[in-house]
Amino acid sequence: MFKPAVLLATVGVSVAAMVPAPAEAHAACQLPVFGPGSRYHPKFERSRHTADVTNPWFPLKPRRTLVSTGVKDGKKALDVVVITPRTKLVAGVLTRVVEDRLYLDRVLAERTSDYYAQDRCGNVWYFGEDTAELDSHGRVVSTEGSFHAGVDGAQAGVFMQARPQLGRKFRQEWYAGEAEDVFWAVERHATVTVPYRTFRNALRTVETTALEPDVVDNKYYVRGIGPVAELSVRGPAERLVLVKVMP
């Protein structure tokens, strides 16, 4: 995943990231406390999740397509994300299937199927992905990063809170050595300009992974749309910005 913002902000939230979550009204709403991956075992009620993801910061409306362009690995990038009407059972939870296709210099370089579900309080959980990197002839050269929650120690993660708390850190996923993305929100009223339009009151987040410790990225989310920009803050220069939403 792709992931100019202020690097200082990414450093300044390190202490706040450990603030505990408020008590939830129901077990299905209890979000996991960030901690060492080996001890990370989030609890959730399978029957209290739904594939109908309506979180305003990350709505998954079936048949909607988001098109972004930018740069990755020094090449022109085109990313097409399709929210499908399909569902998939992962760890006993019915999830929404989202298809992601990344083209570099007009050649399909990566294809991914992502699996999301929402709990009864509106928090979005990430239950896994099937991803494949392709060579210039369309042959699969790697499936690194693929995982399904509940398989081989892999765990689901929190992808977006119903009411984002600034500074609270979450694991978006956990599969040791393969999928270890972490994020936290740092700003609720950011302004971001992309080809699609200028947005105010966007949510800005920071993303890191222990698998690439020198890489720090920012994402900008807009209510009713979801992610509109993914920009590198530290590490290789990478950028994806929203150009079209269909329908």
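Bear in mind that the values here come from a model prediction, so they are computed numbers and not experimental data.

Chemist: So what about the pattern of salt bridges? Which residues, and what values?
Modeler: For the structure shown, the criterion picks out eight salt bridges. Its salt-bridge partner being glutamate 238, residue lysine 72 comes within 3.3 Å of it at the nearest N-O pair. Remark: glutamate 238 occurs in the loop between strand 14 (226-234) and strand 15 (239-246) and lysine 72 occurs in strand 1 (residues 65-72); sequence separation between them is 166 residues. On the accessibility criterion, lysine 72 (17% relative accessible area) is buried. In this structure, lysine 219 engages glutamate 207 in a salt bridge whose closest nitrogen and oxygen atoms are separated by 3.6 Å. Here the residue lysine 219 occupies a position in strand 13 (residues 216-222), and glutamate 207 occupies one in strand 12 (residues 197-209), the gap between them amounting to twelve residues. Three or more residues joined by partner-sharing salt bridges are found here, namely Arg86, Glu99 and Arg101.

Chemist: Account for the packing of aromatic side chains, with residues named and values stated.
Modeler: Scanning the model with the defined rule gives ten aromatic pairs in all. Above the plane of the ring of tyrosine 115 lies lysine 88, whose end atom (NZ or CZ) is 5.6 Å from the centre. One cation-aromatic arrangement involves lysine 169 over tryptophan 184; the distance from NZ or CZ to the ring centre is 4.6 Å.

Chemist: Which residues make up the environment of glutamate 187, and what are the values?
Modeler: Here glutamate 187 shows up in strand 11 (residues 181-194). C-alpha of glutamate 187 to C-alpha of tyrosine 220: the two residues are 33 residues apart in sequence and 9.4 Å apart in space. Once you skip the residues sitting within four places of it in the chain, glutamate 187 turns out to touch Leu166, Ala202, Leu203 and Arg204.

Chemist: Can you explain the pairing of strand 5 (residues 124-134)? Please cite residues and give values.
Modeler: Burial runs high along strand 5: nine of the eleven residues are buried. In the sheet, strand 4 (residues 107-118) pairs with strand 5 via nine bridges, with the strands oriented antiparallel. In the sheet register, alanine 117 faces strand 5, and the bridge partner there is tryptophan 125. Taken together, strand 4 and the strand that follows it, strand 5, pair antiparallel across an intervening segment of five residues, in which glycine 122 is found at a positive phi of about 100 degrees. Relative to strand 8 (residues 155-160), strand 5 is paired through three bridges, and the arrangement is antiparallel. Residue pairing across strands places valine 124 opposite methionine 160, the latter belonging to strand 8. In the sheet, strand 5 pairs with strand 7 (residues 147-148) via two bridges, with the strands oriented antiparallel. Each residue of the ladder has a partner; that of glycine 128, found in strand 7, is histidine 148.

Chemist: How would you summarise the pairing of strand 1 if you had to cite specific residues and measurements?
Modeler: Burial analysis of strand 1 places six of its eight residues in the buried class, which makes it a mostly covered element. Across seven bridges, the pairing between strand 1 and strand 15 is antiparallel. Note on strand 15: the bridge partner recorded for glycine 70 is leucine 240.

Chemist: Kindly report on unusual backbone geometry, identifying the contributing residues and their values.
Modeler: The omega angle of the peptide bond from methionine 246 to proline 247 is -10 degrees, so this bond is cis rather than trans. If you trace the backbone, proline 247 turns up in the segment after strand 15. If you check the backbone angles, arginine 63 has positive phi at about 80 degrees while not being a glycine. On the accessibility criterion, arginine 63 (60% relative accessible area) is exposed.

Chemist: Explain the side chain of threonine 209 to me, and be specific about the residues and the numbers.
Modeler: Note on placement: threonine 209 falls in strand 12. Assessed through its relative accessible area of 13%, threonine 209 is described here as buried. Ignoring anything within four residues of it in the chain, the contact list for threonine 209 reads Glu180 and Asp181.

Chemist: Describe the confidence of the model for the chain, listing the residues and the values that go with them.
Modeler: Per-residue pLDDT for the chain averages 90, and the proportion of residues at 70 or more is 89%. Every residue in residues 1-25 is under pLDDT 50, and counting partners more than four places away or in other chains gives 51 contacts.

Chemist: Describe empty space enclosed by the protein, and please don't skip the residues or the numbers.
Modeler: Of the pockets and cavities examined, the second largest cavity occupies roughly 40 Å³. Forming the boundary of the second largest cavity are Met160, Gln161, Pro164, Gln165, Arg168, Phe170, Phe183, Trp184 and Ala185. With three residues, strand 11 is the single largest residue contributor to the lining of the second largest cavity. When its residues are assigned to classes, the lining of the second largest cavity shows six nonpolar, two polar and one charged.

The rules behind the values
Residues numbered from 1 in each chain as written. Predicted model: local features only at pLDDT ≥ 70, side-chain atom pairs only at ≥ 80, totals over all residues. Heavy atoms only, no water. Salt bridge = Lys/Arg side-chain N within 4 Å of Asp/Glu carboxyl O. Helix = DSSP H or I, 4+ residues; strand = E, 2+ residues; numbered from the N terminus. Buried < 20%, exposed > 50% of the residue type's maximum accessible area, 1.4 Å probe, protein only. Phe/Tyr/Trp six-rings, centres within 6.5 Å; stacked < 30°, edge-to-face > 60°. Lys NZ or Arg CZ within 6 Å of the ring centre and 35° of its normal. Contact = heavy atoms within 4.5 Å. Pairing = 2+ DSSP bridges. pLDDT = per-residue confidence, 0-100. 1 Å grid on protein atoms, 1.4 Å probe; cavity = no way out; pocket = protein on both sides within 12 Å on 5 of 7 lines; lining within 4 Å. Points joined across faces, edges and corners; volume = space filled by probe spheres on them. Nonpolar A, V, L, I, M, F, W, Y, C, P; charged D, E, K, R; others polar.

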